[in-house]
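Each chain is listed here by its residues.
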Amino acid sequence: MDWLRNWDDLVHGTAVFSAAVPFLAAGLLAWKLLAGLWWLAAAAALMGPYLWLFGVPEFPPGSSEDAAVMGLAAASGAIALESVLRLKWAPRLILRILLWTVLVWSLYPGWLASDGGLPRRLGVAGGLALLTAAWAALIEHLTQRDRAGEEARRNRLTMAALIPPAAALAVLLQLGGAMRFGQSAGALAAALGAVTVVWLWRKREGDGIQRLGALWAMLFAQLAWCGWLFAEIRYGLAALLCGAPLAGLLTRWLPLPRGTAFREALWDGLASALAAAITAGIALAAYQAAASGYEGY
């Protein structure tokens, strides 16, 4: 019990709230819910870790402390509204752009506001919102399954392809000085991993799994731009991470043994993990090189 008396936010907090809690909560909820509601299982599992890391946000947001929780609320609210209204792809895209523009506008940091004025603020908020919405639309399309839940077609990804980029993003955020945002990315990877385990156990995905892909994409993009707006993340490497899930598509053209959900997930996960590990390795090498040249006081 000594670890409870000597709690360390980085070590114990990461193990509990960035791994164990989201994994267990998402797995239990996904087991009880239909596949079309697995996005809700992931969002609910993330709420506890996010609130522990950042606390209850203010509205309107007053600082970077409110960014992660508000982002989770925006992504979840958008998907819930889209599901209730049964919006097609164009209205969904517009809704997401509007929501993320408002969120980024309200969180606009002082170092960007110091120059550039209104045009720059509009450009940053609108540009980041457009990129987030477009990225979510792409992942949503690539993870969309057949209604009966058959095997993945050549242009479809499994959830396993999305786990390694989130874990690698956690590394980039930690190296950029954004510890809690990095822990949030770790929680995202853990929650998605739990849902993937449930899918493999039940051996079916079903209709609506693409909503989980859209949730992941919006949260992934939001955490990445938080690293740029509020920390010193290498945004070029963060952008490069976006290609990691797409590496899973390349395996469709290789003569690999397939035929089961586990094999599809295995090749997607391995290809994505390789691309994500290379990106994280570059970031770690750059960090170590910079640290070696620092002699301190």
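All of these numbers come straight from a predicted model, not from anything done at the bench.

Reading the values: rules and limits
- Residues numbered from 1 in each chain as written.
- Predicted model: local features only at pLDDT ≥ 70, side-chain atom pairs only at ≥ 80, totals over all residues.
- Heavy atoms only, no water.
- Core = buried A, V, L, I, M, F, W, Y, C linked by side-chain atoms within 4.5 Å.
- Buried < 20%, exposed > 50% of the residue type's maximum accessible area, 1.4 Å probe, protein only.
- Helix = DSSP H or I, 4+ residues; strand = E, 2+ residues; numbered from the N terminus.
- Contact = heavy atoms within 4.5 Å.
- Axes fitted to C-alpha atoms, helices over the stretch in contact; angles between N-to-C directions.
- Parallel < 35°, antiparallel > 145°, perpendicular 65-115°, else oblique.
- Left-handed = near helix turned anticlockwise from the far one by under 90°.
- Nonpolar A, V, L, I, M, F, W, Y, C, P; charged D, E, K, R; others polar.
- Expected span 1.5 Å × (residues − 1).
- Phe/Tyr/Trp six-rings, centres within 6.5 Å; stacked < 30°, edge-to-face > 60°.
- Lys NZ or Arg CZ within 6 Å of the ring centre and 35° of its normal.
- Polar contact = N/O pair within 3.5 Å; in protein donor to acceptor, adjacent residues only side chain to side chain.
- pLDDT = per-residue confidence, 0-100.
- 1 Å grid on protein atoms, 1.4 Å probe; cavity = no way out; pocket = protein on both sides within 12 Å on 5 of 7 lines; lining within 4 Å.
- Points joined across faces, edges and corners; volume = space filled by probe spheres on them.
- Salt bridge = Lys/Arg side-chain N within 4 Å of Asp/Glu carboxyl O.

Caption draft 1: Representation of the nonpolar core in the model. Counting 79 residues, the largest nonpolar core has W38, L169, F181, L212 and W216 as the members making the most contacts within it. Among the elements that take part in this core, helix α10 (residues 210-230) stands out by supplying 14 residues, more than any other. Those residues in contact with L212 that sit more than four places away from it in its chain are W38, W39, A42, M159, L192 and V195.

Caption draft 2: Structural view of the packing of helix α8 (residues 163-175) against helix α9 (residues 179-202). With their axes 7 Å apart at the nearest point, α8 and α9 run at an angle of 170 degrees to one another. Relative to α9, the element α8 lies roughly antiparallel. By crossing handedness, the relation of α8 to α9 is classed as left-handed. Judged by residue contacts, I163, A166, A167, L169, A170, L173 and Q174 of α8 engage M179, F181, G182, Q183, A185, G186, L188, A189, L192, G193 and T196 from α9. Looking at the contact of α8 with α9 residue by residue, the classes come out as 12 nonpolar, six polar and no charged.

Caption draft 3: Here's a closer look at helix α13 (residues 261-292). With 32 residues, α13 should reach 46 Å at 1.5 Å per residue; the first-to-last C-alpha distance of 45 Å fits that figure. Of all the positions in α13, only E264, A265, W267, D268, G269, A271, S272, A276, T279, A280 and A283 are classed as buried. Structurally, α13 contributes buried residues whose contacts are with α8, α9, α11 (235-241) and α12 (243-250).

Caption draft 4: Geometry of the packing of aromatic side chains. Scanning the entire structure with this criterion turns up five aromatic pairs. Measuring from ring centre to ring centre gives 5.3 Å for F54 and F181, while their planes differ by 35 degrees; the resulting arrangement is tilted. One end of the pair, F54, is in helix α3 (residues 38-54); the other, F181, is in helix α9, with 127 residues separating them in the sequence. Take F54 and F181: they sit in the same class, and that class is buried. Between W135 and W216, the aromatic rings sit 6.1 Å apart at their centres with planes inclined by 50 degrees, giving tilted as the arrangement. Pair noted here: W135 is in helix α7 (residues 117-142) and W216 is in helix α10, with a separation of 81 residues, a long-range link. The class for W216 is buried, based on a relative accessible area of 1%. Taken together, the ring pairs connect F54, F181 and F230 into an aromatic cluster. Above the plane of the ring of W105 lies R121, whose end atom (NZ or CZ) is 4.4 Å from the centre.

Caption draft 5: Representation of the side chain of T158 in the model. Note that T158 resides in the loop between α7 and α8. The class of T158 is buried, set by a relative accessible area of 0%. In this structure the side chain of T158 is engaged in a polar contact, spanning 2.9 Å, whose partner is the side chain of D268.

Caption draft 6: Quick peek at the confidence of the model for the protein. Mean pLDDT for the protein: 84, with 87% of residues reaching 70 or above. Here residues 147-152 is a poorly scored stretch, pLDDT under 50, and it has 10 contacts once near neighbours within four places are set aside; other chains count.

Caption draft 7: Spotlight on the layout of surface pockets. Its volume calculated, the second largest pocket comes out at about 350 Å³. Together, 13 residues line the second largest pocket, and L128, L131, A221, A224 and W225 are the ones closest to its centre. Where the lining of the second largest pocket is concerned, the elements lending two or more residues are α7, α10 and α11. With five residues, α10 is the largest single contributor of residues to the lining of the second largest pocket. Split into classes, the residues belonging to the lining of the second largest pocket amount to 12 nonpolar, one polar and no charged.

Caption draft 8: Representation of the pattern of salt bridges. Taken as a whole and assessed by the stated rule, the structure comprises four salt bridges. A salt bridge links R96 to E140; the shortest N-O distance between them is 3.2 Å. Taken together, the residues span a long stretch of sequence, with R96 in helix α5 (residues 89-106) and E140 in helix α7 at a distance of 44 residues. Both residues of the pair, R96 and E140, count as buried. If you follow the salt bridges from partner to partner, you end up with E82, R92, R96 and E140 in one network.

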